[in-house]
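Take a look at the letters that make up each chain.
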Amino acid sequence: MALELRFFANFREAVGQKTLEREYPDDTTVGDVLHDLADEYGLDLFEDGDLRTQLSVMKNGKDVVHIEGVDTRLDDGDTLSVFPPVAGG
């Protein structure tokens, strides 16, 4: 299946571009993609085996925390967006 991966701020800098198109097997989860990206680009996405709480990962505009977290299944044509921690007030 084809996925569009979008990156923001320091993640965009690490990857070297705003978007990537990637092919994955049909049973791929958000966690599978994020582990691949962490390994390939040295992204700091996990802490003690879990997704860092400060990150926002969106599947088609909806935060995966409100779906099934890293176990959220992905479908052909989905967009996965990865946002770094945001600070401010």
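Above this text sits the structure in question.
Notes on the structure follow. (Residues numbered from 1 in each chain as written. Predicted model: local features only at pLDDT ≥ 70, side-chain atom pairs only at ≥ 80, totals over all residues. Heavy atoms only, no water.)

**What about the overall build of the chain?**
From N to C terminus, the chain includes 2 helices and 7 strands. In the chain, the succession of helices and strands from N to C terminus is β-α-β-α-β-β-β-β-β. In terms of overall dimensions, the chain has a C-alpha envelope of 40 × 30 × 25 Å along the principal axes. For the chain, the proportion of its 89 residues judged to be buried stands at 40%. (Helix = DSSP H or I, 4+ residues; strand = E, 2+ residues; numbered from the N terminus. Buried < 20%, exposed > 50% of the residue type's maximum accessible area, 1.4 Å probe, protein only.)

**Examining the sheet that holds strand S1 (residues 2-7)**
With mixed pairing, 5 strands are arranged side by side in an open sheet as S2-S1-S7-S5-S6. Edge positions in the sheet fall to strand S2 (19-23) and strand S6 (62-63), since each has one partner strand and no second. Taken together, the 2 bridges between strand S5 (residues 56-59) and S6 define a ladder with antiparallel strand orientation. From the neighbouring strand, Met58 faces S6, where its bridge partner is Asp63. (Pairing = 2+ DSSP bridges.)

**What to know about the pattern of salt bridges**
What the rule picks out here adds up to 6 salt bridges. Its salt-bridge partner being Glu4, residue Arg6 comes within 3.0 Å of it at the nearest N-O pair. The salt bridge involving Asp44 is made with Arg52; its shortest N-O contact spans 3.1 Å. Within this structure, Asp44, Glu47 and Arg52 form a network of salt bridges that share partners. (Salt bridge = Lys/Arg side-chain N within 4 Å of Asp/Glu carboxyl O.)

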